[in-house]
Amino acid sequence: MNQMKNFSKGLIKDNPVLVMLLGLCPALGVTTSAINGLGMGLATTFVLLMSNLVVAIIKDLIPNKVRIPSFIVVIASFVTIVDLVMEAYLPALHSELGLFIPLIVVNCLVLGRAEGFASKNNLPSAVVDGLGMGVGFSLALTMLGAVREILGSGAIFGYNFIEGDLMLAFVLAPGAFIGLGYLIAINRVIKKE
Amino acid sequence: MAKRESTFINMFLTLLIVSSVAALALGGVYMATKGPIEENQRRVMENALQEVLPDFDNDITSDMVKVGLSPGDTITFYFARQGDDTVGVAVQTFSKQGYSGLIRVMVGMTPDGTIMNTSVLGHAETPGLGDKIEKEKGDWSYQFNDLHPEQVNLKVRKDGGDIDGITAATITARAFCDALQRAYDTYKKEILEKGGNQ
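Everything numeric in this text was worked out from a predicted model, so none of it was measured.

(A) Looking closely at the interface of chain B and chain A. Listed by partner, the interface residues are 27 residues for chain B and 25 residues for chain A. The contact between chain B and chain A buries some 2200 Å² in all, and 72% of this surface belongs to carbon and sulfur atoms. Our count for the contact surface shared by chain B and chain A stands at 0 salt bridges. In this assembly, chain B and chain A are joined by 2 residue pairs in polar contact (both at pLDDT 80 or more). Residues belonging to the side of chain B that touches chain A are distributed by class as follows: 14 nonpolar, 9 polar and 4 charged.

Laid out in structure tokens, this is it:
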């Protein structure tokens, strides 16, 4: 498969959040600010990349009937590594993202790519796919976070340009759904062209 | 390369090897990050102590008393001293009445119980509403400074107390008062009435 196409499909055409609607729990939960969305996106990208890499390497050694438990162990290990490393070196971001980091384990996006793509394709394709999906996921989360931060608290990446609170609803849960809905709509318009 | 057969022994060995490798890797990462994580937690605690207490010259993190209220719930007292004088006491307290999860607060008090300053150690209140208890998000918590819990009613005005609530986050404000009241009550019962702070 053309690797460029393989990478870019994660951005627009098959964007994990905006098209496949996978991983919505963190996408709605942590995106109260752009930096949170970006942090969550990067953490997930690392897990996606590493789990796709390892799954592509071990896929022929794993008997078919125990493949899912094996993949989950691989994914859970990388998530725990991310969790520990973030707590050690990025404590501020770690306390913001909190519970959502361990929850990357059950992000259906990660297992979906391991089972649906990495276990059926060769190593380079799997790595490129993991990277593309991760970048697409990060982009979607950062955009959603930015929209909510701008409309909700009049700031972007923590930089305040309007004092006080604007539309508080955008910081709260409803804003996540409304923002996500509009992002999906915009993505569909772009895809059509 | 052909897929391996799903025989019992193959499945057993595969899962055994996969989990062992994962366990080894995680053990390594855990040991490598243990130091920095403990260092971070210690720094958060020390910053909070310095924020709520006047200057002190003792090793405060070891000059402390833990009081268990019920299993799992402890309140910790840290004594700030200059020479032989006790200049203040920091109480690590909590409230379970928050809107979501535990609210943990460090309260600095003079030896007689007057609140000097407060610092939120951790909470999971609603962003934009309840998180105004943090100093970075609002001035709300400064109103407690210089109050003595026996001279004012540590309740929000809605409940007949003397404390201004937080708009749209009364539950959080209530919980914060609850945490401070618990800090003072425990201090009075466990430290003052048991013969001072030595």
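Next comes the rest of the write-up.
(B) Geometry of the packing of helix α3 (residues 34-58) of chain A against helix α6 (residues 108-116) of chain A. All names here are of chain A. Where α3 contacts α6, the two axes come as close as 9 Å, and the packing angle between them is 25 degrees. One finds that α3 runs roughly parallel with respect to α6. Pair α3 / α6 crosses with right-handed handedness. Facing α3, whose interface residues are T44, V47, L48, S51, N52 and V55, α6 presents L109, V110, R113 and A114. Here the residues of the contact of α3 with α6 are counted per class, giving 6 nonpolar, 3 polar and 1 charged.

(C) Structural detail: the packing of aromatic side chains. Residue and element names in this part refer to chain B. Under the defined criterion, the tally for this structure stands at 6 aromatic pairs over all chains. Aromatic side chains F8 and F12 sit 6.3 Å apart centroid to centroid with 15 degrees between the ring planes, which places their arrangement in the stacked category. Taken together, the positions of F8 and F12, both in helix α1 (residues 8-52) and 4 residues apart, correspond to about one turn of that helix. The exposure class of F8 is exposed, given its relative accessible area of 64%.

About the criteria used
- The residue numbering used here restarts from 1 in each chain and proceeds along that chain's sequence as written.
- Throughout, the order in which chains and ligands are written sets their labels, letters from A for the former and numbers from 1 for the latter.
- Only residues with pLDDT of at least 70 get local features here, since the model is predicted, and only at 80 or more are side-chain atom pairs given and counted; chain-wide, interface and lining totals rely on the full set of residues.
- Side-chain metrics in this entry use all non-hydrogen atoms of the structure; hydrogen atoms and water are not considered.
- A contact between two residues is defined here by any heavy atoms of the two lying within 4.5 Å.
- The term buried area refers to how much accessible surface (probe radius 1.4 Å) is lost by two components on association, counted for both of them together.
- Every case where a carboxyl oxygen of Asp or Glu lies within 4 Å of a side-chain nitrogen of Lys or Arg is listed as a salt bridge.
- Two N or O atoms form a polar contact when they lie within 3.5 Å of each other; inside protein one atom must be a possible hydrogen donor and the other a possible acceptor, and for residues adjacent in sequence the pair counts only when both atoms belong to side chains.
- Residues are sorted three ways: Asp, Glu, Lys and Arg are charged, Ala, Val, Leu, Ile, Met, Phe, Trp, Tyr, Cys and Pro are nonpolar, and all the rest, Gly among them, are polar.
- For helices, the axis comes from a line fit to the C-alpha atoms of the stretch in contact; other axes are also lines fit to C-alpha atoms, and the angle between any two N-to-C directions lies between 0 and 180 degrees.
- Numbering of helices and strands runs from the N terminus; a helix is a DSSP stretch of H or I covering at least four residues, while a strand is a stretch of E covering at least two.
- Comment on the angle field: the value is read as roughly parallel under 35 degrees, roughly antiparallel over 145, roughly perpendicular from 65 to 115, and oblique elsewhere.
- Each helix crossing is assigned a hand: it is left-handed if the near helix lies turned anticlockwise from the far helix by less than a right angle, otherwise right-handed if that turn is clockwise.
- Stacked, edge-to-face and tilted are the three classes for Phe, Tyr and Trp ring pairs, Trp counted by its six-membered ring, which pair at centre distances within 6.5 Å; planes under 30 degrees apart are stacked, over 60 edge-to-face, the rest tilted.
- For every residue, the accessible area (1.4 Å probe, protein chains only) is compared with the maximum for its type, and the residue is labelled buried under 20%, exposed over 50%, or partly exposed between those bounds.

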